[in-house]
Amino acid sequence: MSYDDDDYPADTFPKDFGYGTYNQDGLEMEPNSTGSSETKPRILLMGLRRSGKSSIQKVVFHKMSPNETLFLESTSKIVKDDINNSSFVQFQIWDFPGQIDFIEPTFDSDMIFGGCGALVFVIDAKDDYNEALTKFKNTVIKAYKVNQRIKFEVFIHKVDGISDDSKMESQRDIHQRSSDDLSEAGLNQIHLSFHLTSIYDHSIFEAFSKVVQKLIPQLPTLENLLNIFIPNSGIEKAFLFDVVSKIYIATDSSPVDMQTYELCCDMIDVVIDLSSIYSSEETAFDSGSSSLIKLNNNTILYLREVNKFLALVCILREENFNRQGVIDYNFICFRDAISEVFELRLRQKQLENNEDEDLADEHTLIRHGNDAAVVT
Amino acid sequence: MKKKVLLMGKSGSGKTSMRSIIFANYIARDTTRLGATIDVEHSHVKFLGNLVLNLWDCGGQEGFMKQYIAQQRDNIFRNVEVLIYVFDVESQEMERDVHYYQSCLEALLQNSPEALIFCLVHKMDLVPEEQREEVFKDREEDLIRLSKPGNVTCFRTSIWDETLYKAWSSIVTMLIPNVAALEDSVTHFANVIEADEVLLFEKATFLVISYFQSKKNRDSHRFEKVSNIIKQFKLSCSKLGAKFQSMEVRNSAFAAFIDTFTSNTYVMVVMSDPTLPSEATLVNIRNARKHFEELENPNNSAMNHHSHKYH
């Protein structure tokens, strides 16, 4: 096999699983991506057939409109989708069709679960989910054995069109049964998180945001920076967005209003769409990207580029925008601080001091102290 | 000035869906909730100052069609300015569709010989992308032949992409009385402020009613795309009970400004020099406002003021 020298998990599927069609076309891999991927959160997406994994992937990372996902064919081979180059988040999807016996000893779960930060298991809420729960239990047990730090996230999916009552009911039921399953297996200590999701609204983006945030070790620092930046600039709320996926990496500590978040998502859409028309698709989001939208209720939305992947979207009152100079200056301080936070992480990884996260935090805090002085 | 617009076509061909998207801020997905139109639904759409579109959405079930052609013939086809006839591209009974189309056409030519005729080949999204051009060309040829002696303009449309905006934009532009003056002013304005592109949108529908471009853009569908993008955003704002007033988007290659312009329009100005301060462009837009306002409402006092200036 041509991939023998890359240690990619895809290699580990023995041919005798009946994957005749599985070939390199289905596995667009980049062997050299390990360097940068180390510093990015890695997410696995699993679930039964037709639970909606491909649709989620297309809608969140490829800007497909939810209606078009109806025409997606079911995934017949193992698909590994890399969003390495465009997104802050590294994200892989593993489709596990029925005939694979997941617990098969030849199945190399070390490779799959070893480097992954979160496992998202998609359950179709409109379907009978008994089989899904069994699969989920087996997956969790197996994954936990390999990697105890893995975060387990359950997406109770396709909840659009279900009444709020039955939504809560299925969440309660799924929660109850999966917890029971795990305690039977003697794994009480595993923490499961549940999210109600649908591709027809922003709940899927919101859920992913929460999943990704748990995987970012710098999150407290980022939140702290935002908390300093915001009051000093007269801003009410700010989101740090991964532009491609519209996942928010961090926000300040004030509560998140779903509608405000949706509006910020839509703003990113507008900015990227207009920019791809008037510059080009590849350079739509570049170092000069910024946008300002005024609404008639005295509100301003202000977007600035932070780095290749990230944008900051701020919401503020119109009268506070009079001092745009101050906001812009503070923003530059904020952006520098963020790039240092991530650079440090990268440098540290290059030095292969894998376990030195404490040190990183220490550095960023000092740096962040400096920034506080500048911002005020 | 009222202009009567007939919207006709077989039942289920998509007349009410497109009307709802263009004039009633529906999004494409919501049109699945619409039921069949019974008889004729009238709606008045205030468009650009004194132009009012009087839309007659004619339910297309056979029983109704027969009535339109027979008993209601005069009522329906008199004083028509525009006939928009919608064909479902996937229709299995093309012959019958054509039969009704020709009967309507005949009635129209008798009662309103001056009326403009447009055919929309609709639901093009159901045709595989690579065949769309060919299928449409065939249909267009047929329709032009079948419409003789009337003159017909054909558009391919789908509610799922920007083609719908393109068709309606072209249609309404033909109805605006002083469109030539508007275009001159837009061109003049664009040259003065050295803009790459200036678009004028009707406020409620966000259809492009006039434009100027000085620089070639590789995307020939961009006006409709912009309409679509902004309209989607307007809808998201309305979920929060807000309306959007102005917008500025820029990167290293361009700067675009969208702003409320006259009482009936929005303007979009695209500049290729992003180093130019935004405020400069915004002031220019503000200054041009008055001139366009007068252009749109020539009847009110502003006109007097205007003529004084030149005396």
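Residues numbered from 1 in each chain as written. Chains lettered and ligands numbered in written order. Predicted model: local features only at pLDDT ≥ 70, side-chain atom pairs only at ≥ 80, totals over all residues. Heavy atoms only, no water.

Looking at an unreviewed UniProt entry, one finds chain B named Blast:Ras-related GTP-binding protein A, with Drosophila guanche as its source organism. Annotation of chain B in UniProt includes, under Sequence similarities (unreviewed entry), the sentence "Belongs to the GTR/RAG GTP-binding protein family." UniProt annotates chain B under Catalytic activity (unreviewed entry) with the comment "GTP + H2O = GDP + phosphate + H(+)". (UniProt positions renumbered as here; feature names shortened; annotations may be inferred.)

The name given to chain A in an unreviewed UniProt entry is Blast:Ras-related GTP-binding protein C, with Drosophila guanche as the source organism. Under the heading Catalytic activity (unreviewed entry), UniProt records this for chain A: "GTP + H2O = GDP + phosphate + H(+)". Under the Sequence similarities (unreviewed entry) heading, UniProt states for chain A: "Belongs to the GTR/RAG GTP-binding protein family."

Asks: Could you give an account of the side chain of Ser43(B), with specific residues and numbers?
Replies: All names here are of chain B. Following the sequence through the fold, serine 43 ends up in strand β2 (residues 40-47). Using a relative accessible area of 17% as the deciding quantity, one classes serine 43 as buried. A distance of 3.4 Å separates the side chain of serine 43 from the side chain of arginine 19, its partner in a polar contact. Those residues within four positions of serine 43 in sequence are excluded, and the remaining contacts are Arg19, Leu53, Asn54 and Leu55. (Helix = DSSP H or I, 4+ residues; strand = E, 2+ residues; numbered from the N terminus. Buried < 20%, exposed > 50% of the residue type's maximum accessible area, 1.4 Å probe, protein only. Polar contact = N/O pair within 3.5 Å; in protein donor to acceptor, adjacent residues only side chain to side chain. Contact = heavy atoms within 4.5 Å.)

Asks: Kindly report on the interface of chain B and chain A, identifying the contributing residues and their values.
Replies: On the side of chain A, 32 residues touch chain B, which itself brings 32 residues to the contact. Of the roughly 2,800 Å² buried between chain B and chain A on both sides combined, carbon and sulfur atoms contribute 60%. Taken together, the connections running from chain B to chain A amount to one salt bridge. A salt bridge links Lys239(B) to Glu262(A); the shortest N-O distance between them is 4.0 Å. Every element with two or more residues in the side of chain B that touches chain A is listed here: β7 (197-202), α8 (222-239), β9 (244-250) and β11 (265-271) of chain B. Here the side of chain B that touches chain A takes eight residues from α8(B), the largest share from any one element. Here the residues of the side of chain B that touches chain A are counted per class, giving 16 nonpolar, six polar and ten charged. Bridge count for strand β8 (residues 290-295) of chain A against β9(B) is six bridges, and the pairing is antiparallel. Considered in β9(B), the bridge of Ile293(A) is made with Met247(B). (Buried area = accessible area lost by both parts, 1.4 Å probe. Salt bridge = Lys/Arg side-chain N within 4 Å of Asp/Glu carboxyl O. Nonpolar A, V, L, I, M, F, W, Y, C, P; charged D, E, K, R; others polar. Pairing = 2+ DSSP bridges.)

Asks: Got a sec to walk through helix α6 (residues 203-214) of chain A? Specific residues and values, please.
Replies: With twelve residues, α6(A) ought to run about 16 Å at 1.5 Å a step, and its terminal C-alpha atoms sit 17 Å apart, in line with that. Burial analysis of α6(A) places ten of its twelve residues in the buried class, which makes it a mostly covered element. (Expected span 1.5 Å × (residues − 1).)

Asks: A description of the packing of helix α8 (residues 258-278) of chain A against α8(B) should follow, citing residues and the corresponding values.
Replies: At a closest axis distance of 10 Å, the pairing of α8(A) and α8(B) adopts a crossing angle of 170°. Our classification of the angle between α8(A) and α8(B) gives roughly antiparallel. On α8(B), the residues that touch Gln259(A), Glu262(A), Leu263(A), Asp266(A), Met267(A), Val270(A), Asp273(A), Leu274(A), Ile277(A) and Tyr278(A) of α8(A) are Arg222(B), Lys225(B), Val226(B), Ile229(B), Phe233(B), Ser236(B), Cys237(B) and Lys239(B). Looking at the contact of α8(A) with α8(B) residue by residue, the class counts come to ten nonpolar, two polar and six charged. (Axes fitted to C-alpha atoms, helices over the stretch in contact; angles between N-to-C directions. Parallel < 35°, antiparallel > 145°, perpendicular 65-115°, else oblique.)

Asks: Give me the sheet that holds strand β7 (residues 247-251) of chain A: which residues, what numbers.
Replies: With antiparallel pairing, ten strands are arranged side by side in an open sheet as β7(A)-β6(A)-β10(A)-β9(A)-β8(A)-β9(B)-β10(B)-β11(B)-β7(B)-β8(B). The open sheet has two edge strands with one neighbour each: β7 of chain A together with β8 (208-213) of chain B. Averaged over all neighbouring strand pairs, the angle between strand axes comes to 15°, with direction disregarded. Of the pairings in the sheet, the one linking strand β6 (residues 237-242) of chain A to strand β10 (residues 310-317) of chain A comprises six bridges and is antiparallel in character.

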